[in-house]
Amino acid sequence: MSGEQTDSRDATAEALRRDARRLQGALGLHARQARLEVERLLMHALGIGRAQLIAHPEKAALAATDVRYAAMLARRLAGEPLDYILSRREFYGLEFEISPAVLIPRADTELLVELALARVPPDGRGCIADLGTGSGCVAIAIACARPGLRVLAIDRSREALRVAARNRLRHRAYNVLLAQGDWLAGVAPGALCGIVSNPPYVRSDDPHLPALAREPQTSLVSGADGLQDWRHIVLQAPRCLAAHGWLLMEHGYDQAASCRALLDSGGFADVFSARDLGGHERVSGGSAGRGG
Ligand code: GLN
């Protein structure tokens, strides 16, 4: 290795350490997490992958003084989520564009995709709906795995639908149909063989809300008990489901019993809850016995 390379390697390492320490101090991150975030910001500013970051320390040394990198670091220091700064988030093995108009996809929500895929054979046809699609991650993950299916992705927010449209294009998920609407209000009776949703379900007085302040509050908060939208969808869903159609919705870790009770009283059959990787009951659902 040349002396010059050694110098830039040292300079890069020092810049990375300094910025990671600043992030640690500002946000209370673990050292390793802070270091990973600094690396991701650098890779993004430079448009390179991790291998190149290591192989070309001279570039990284330059980027550590780059204005774009500095601007992104400042946003992160001010508490903006890293995923919004990078405009990217991985979900179900696919990369999605995101913006502050949509919720940041959570790994827990992959359970919703898995449960839906278990209900549609690989060559399955028909139409399902994803309510409150946001970035479109749930709808697109299902649509990519089931190309014969049509997935109606509904959101009230036009800004969210613009993000979802770019994600549909990115993944060529042309079996996703985007529509602006208020939950199921515009959907024809009996039109759907299934419904998935990750609706807002956080209680308006939930102590975790300040930590989620950068995300769209209308995608998170749903009345005093967090179940206002759940209740609404459970009431609307039977009208839109065909015979034996199913409904699957995400909820908070302590809401499963209340959600099953809602499904029971809404006339759903085979009501159940499923656990996420953390062992929490995270999705509940049931089927519309008679349909209509
Ligand atoms: N799981 C999210 C959180 O608690 C909430 C998502 C939602 O309300 N749909 O951070």
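All values derive from a computational prediction rather than experimental measurement.

Trainee: Quick one: what's the story with the pairing of strand β5 (residues 176–180), residue by residue and with numbers?
Mentor: Note that strand β4 (residues 150–155) and β5 share five bridges and pair parallel. Its bridge partner lying in β5, A153 is registered against L178. Crossover connection from β4 via helix α9 (residues 158–170) to parallel β5: handedness right-handed.

Trainee: Could you give me a rundown of the packing of helix α10 (residues 228–240) against helix α11 (residues 256–265), with the residues and numbers involved?
Mentor: Orientation of α10 relative to α11, taken along the N-to-C sense of each, is 25°, at an axis distance of 9 Å. As judged from the angle between their axes, α10 and α11 are roughly parallel. As for the relative orientation of α10 and α11, their crossing is right-handed in sense. Contacts between α10 and α11 pair W230, R231 and V234 from the former with C259, L262 and L263 from the latter. Across the contact of α10 with α11, the residue classes break down as five nonpolar, no polar and one charged.

Trainee: I'd love a proper account of the packing of helix α2 (residues 31–46) against helix α5 (residues 67–77), names of residues and values included.
Mentor: For the pair α2 and α5, the least separation of the axes is 9 Å and the interaxial angle reads 145°. Note on packing geometry: the crossing formed by α2 with α5 is right-handed. Seen from α2, the contacting residues are E37, V38, L41, L42, H44 and A45; seen from α5, they are R68, Y69, M72, L73 and R76. Residue composition of the contact of α2 with α5, by class: seven nonpolar, one polar and three charged.

About the cut-offs
Residues numbered from 1 in each chain as written. Predicted model: local features only at pLDDT ≥ 70, side-chain atom pairs only at ≥ 80, totals over all residues. Heavy atoms only, no water. Pairing = 2+ DSSP bridges. Helix = DSSP H or I, 4+ residues; strand = E, 2+ residues; numbered from the N terminus. Right-handed = clockwise from strand over helix to strand, strands pointing away. Axes fitted to C-alpha atoms, helices over the stretch in contact; angles between N-to-C directions. Parallel < 35°, antiparallel > 145°, perpendicular 65-115°, else oblique. Left-handed = near helix turned anticlockwise from the far one by under 90°. Contact = heavy atoms within 4.5 Å. Nonpolar A, V, L, I, M, F, W, Y, C, P; charged D, E, K, R; others polar.

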